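Breakdown of the fold
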Amino acid sequence: MTQQKSEGGVVPAGRGNSAPTRGDDKREGGKAIPVEEQVEQLGLPFVPAENLVGQSPTKASRRRRVDRSTMPSAEAPLADGKSEPGPPATMKGVTMRLTEALRRVAANRGAPGPDGMRIGEVQKRWPTLLPKLVRDLLEGTYMPDAVRQAMIPKGKTGQRKLGIPNVIDRVVQEAVRHEIEPLFEPSFHPSSHGFRPGRSCHSAIREAVGYLEDGAEWVVDLDMEKFFDRVNHQRLMARLALRVEHKPLLVLIGKMLKAGVVLPDGVVVTQDEGVPQGGPLSPLLSNVVLDELDHELTRRGHRFVRYADDINIFVGSERAGQRVMASATAFIEGRMRLKVNVSKSAVARPDDRHFLGFSLRRDPQTGVVEIHLSKRSRGRIAEKIVDLTRRNWGQSFPDCIQRINAYTRGWIGFFGICSEVENRKLQTLDAHIRRRLRALKLKHWKRRRSIVRALIAMGANPRTAWRRIYAGKRRIWDLSHDHVVDRALDNAYFRRCGLLSLAVLHKEMLASHRRPRQRSLFAGIP
């Protein structure tokens with residue numbers, strides 16, 4: 001690869017007598033050292049964020065804090081660039097992981113790539129495909145095919161590019177990921193929560209809550225513009241080479257990055273930058289790229305939470321947030337050669353921003369930090385409810401309830417960490433779902449005469465039912481909220497039909513989190 005000038009730069013080892021600042025780092029004076037050795041300088045000591053609630057913000061407490069409860073093990077690894085990496089990654093190790101990688105790829109049930117071969121077909125032919133694949137990988141003759149580009153909805157009007165490799169290429173990517181991940185995972189920053197073992201959106205929100213409780217009530221919300229399309233291959237390969245010493249493996253990753261893209265019209269284009277979303281390897285590569293930003297923010301003393309390319313930096317005032325926004329943008333665009341989306345990035349209160357579907361707010365009376373649904377999340381579930389309960393979808397009423405239940409179970413599994421104050425909004429959503437189902441039921445009954453007879457059979461007063469249903473030329477939606485319909489198709493009716501309640505599921509989830517865990521009687525006994 002041709003090395004550009006900025007890649008061989010140096011950074012100062014000392015700062016002379018200059019006073020330390022938390023803003024831009026003006027490196028003046030000091031001995032110049034290679035960039036590769038800079039990783040040694042980026043570590044700072046960490047303490048759990050929850051230990052600082054209620055304490056005065058001393059000089060020590062203003063340092064970077066980490067909620068160790070988000071770590072998968074009792075002893076959380078420090079991201080200081082000196083963590084013990086895993087065993088060396090080799091191409092032989094990749095070939096030994098191929099069969100397990102196929103099992104993982106099959107569990108994800110992805111779509112076929114440009115060759116049209118499905119996962120089931122690959123599994124049937126695996127005994128004959130595996131020997132040739134192993135031989136090609138060891139001899140260096142394996143060439144990944146181009147990925148199929150698909151467009152998926154992003155928001156109301158936007159679209160996101162998705163690159164779908166062939167099944168065989170996905171298996172190789174999964175094997176490579178499993179081989180090199182132990183080299184990088186121990187040194188990743190504790191505040192990075194995306195696509196990592198034992199971490200999730202929930203652990204990211206927990207850490208963000210800790211920073212608000214610590215007094216950082218302004219957030220610098222940084223949005224990367226087309227991050228996966230702008231990753232610089234040269235810088236990415238340089239960072240991979242710091243941990244991966246096996247050259248054939250680096251060459252293989254380079255081939256994957258340079259694989260072409262098959263557009264929807266069949267045209268194949270090459271790519272000189274970017275990491276296509278859709279392959280098993282791209283999440284790990286994105287963390288490798290952004291880990292440099294994590295350590296730089298730590299070196300500057302900032303408190304932040306990152307999930308993939310969603311970054312929130314927590315500061316104590318709006319003025320400090322503006323300074324951090326300017327300095328972080330300069331580093332991202334200058335050093336990392338990425339682009340910050342100015343229109344979507346902002347310095348604001350956490351309750352005004354959307355982070356992983358949530359917004360955070362401190363109760364003015366109790367001082368407790370509450371987790372709320374963001375405005376965008378409320379809008380999305382409202383749209384989904386409409387989509388699931390369309391009156392012209394042409395299937396049975398029980399099938400509709402099953403579809404709603406499947407969605408609400410998954411939805412509450414993610415958003416169930418909201419604070420108890422959000423339960424009232426969930427009750428409103430439940431009422432909206434029931435009204436949509438009442439309208440669907442009335443649509444199935446079709447004529448008004450059939451509606452009246454069905455309501456009478458369900459216990460409605462005959463005289464009231466005839467009068468209310470035939471009162472004026474009202475639409476189905478208007479009738480769905482008439483009191484005679486509400487009483488006949490009441491909450492108990494929907495419970496008998498098996499409809500799940502978001503509010504009830506939310507209360508059960510909160511209760512399970514509050515329930516103390518019982519310790520084993522034999523704990524501590526060898």
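Below is a summary of the structure that appears in this document. Please read all numbers here as calculations on a predicted model, not as lab measurements. Residue indices follow the written sequence of each chain, beginning from 1 at its first position. Note on the predicted model: pLDDT of at least 70 is required for a residue's local features to be given, and 80 or more for side-chain atom pairs to be given and counted; whole-chain, interface and lining totals, by contrast, use all residues. Hydrogens and water molecules were not included; the side-chain quantities draw on all heavy atoms of the structure.

Description of the overall build of the protein
Scanning the protein for helices and strands turns up 19 helices and 12 strands. The 526 residues of the protein split such that 47% are buried. Accessible surface for the protein amounts to roughly 27900 Å². Of this, 52% is attributable to carbon and sulfur atoms. Counting from the N terminus, the helices are DSSP H or I runs at least four residues long and the strands are E runs at least two residues long. In this scheme, a residue with accessible area under 20% of its type's maximum is buried, one over 50% is exposed, and one in between is partly exposed, where area comes from a 1.4 Å probe on protein chains only. To be clear on the numbers: accessible area is Shrake-Rupley with a 1.4 Å probe, and residue cover counts the displayed protein chains and nothing else.

Details of the nonpolar core
By nonpolar core we mean a set of buried residues, namely Ala, Val, Leu, Ile, Met, Phe, Trp, Tyr and Cys, connected to one another through side-chain atoms within 4.5 Å. Within the largest apolar cluster, 65 residues are counted, with the highest numbers of intra-cluster contacts made by Val176 and Ile180. When residues in this core are grouped by element, the largest group, nine residues, is from helix α4 (residues 167-184). By the convention used here, residues are in contact when the closest approach between their heavy atoms is within 4.5 Å. Each residue touching Ile180, except ones within four places of it in the same chain, is listed here: Ala89, Val244, Leu249, Ile253, Leu281 and Leu284. Cys201, Val209, Leu212 and Leu455 belong to the second largest nonpolar core, which has 58 residues in total.

Some remarks on empty space enclosed by the protein
Of the two site types, the cavity is a set of points on a 1 Å grid over the protein atoms alone where a 1.4 Å probe fits but cannot get out, and the pocket is an open set with protein on both sides within 12 Å along at least five of seven lines, each lined by residues with an atom within 4 Å of a point. Grid points are joined across faces, edges and corners, and a volume is the space filled by probe spheres set on the points. Inspection of every chain in the model, using the stated rule, returns three cavities of 30 Å³ or more. Estimated volume of the largest cavity: approximately 160 Å³. Along its surface, the largest cavity is lined by 16 residues, and Val147, Gln173, Met256, Leu257 and Pro276 are the ones closest to its centre. Of all the secondary structure elements, the ones that give two or more residues to the lining of the largest cavity are α4, α8 (247-258) and α9 (282-299). Top contributing element to the lining of the largest cavity by residue count: α8, with three residues. Quantified by volume, the second largest cavity comes out at close to 70 Å³. Around the second largest cavity, the lining residues are Ile205, Val219, Asn312, Phe314, Pro350, Arg353, His354, Phe355, Phe358, Ser359 and Leu360. Of all the secondary structure elements, the ones that give two or more residues to the lining of the second largest cavity are β9 (310-315) and β11 (358-362). When residues in the lining of the second largest cavity are grouped by element, the largest group, three residues, is from β11. When grouped by side-chain class, the residues that make up the lining of the second largest cavity number seven nonpolar, three polar and one charged. Polar here means any residue other than Ala, Val, Leu, Ile, Met, Phe, Trp, Tyr, Cys and Pro, which are nonpolar, and Asp, Glu, Lys and Arg, which are charged; Gly is therefore polar.

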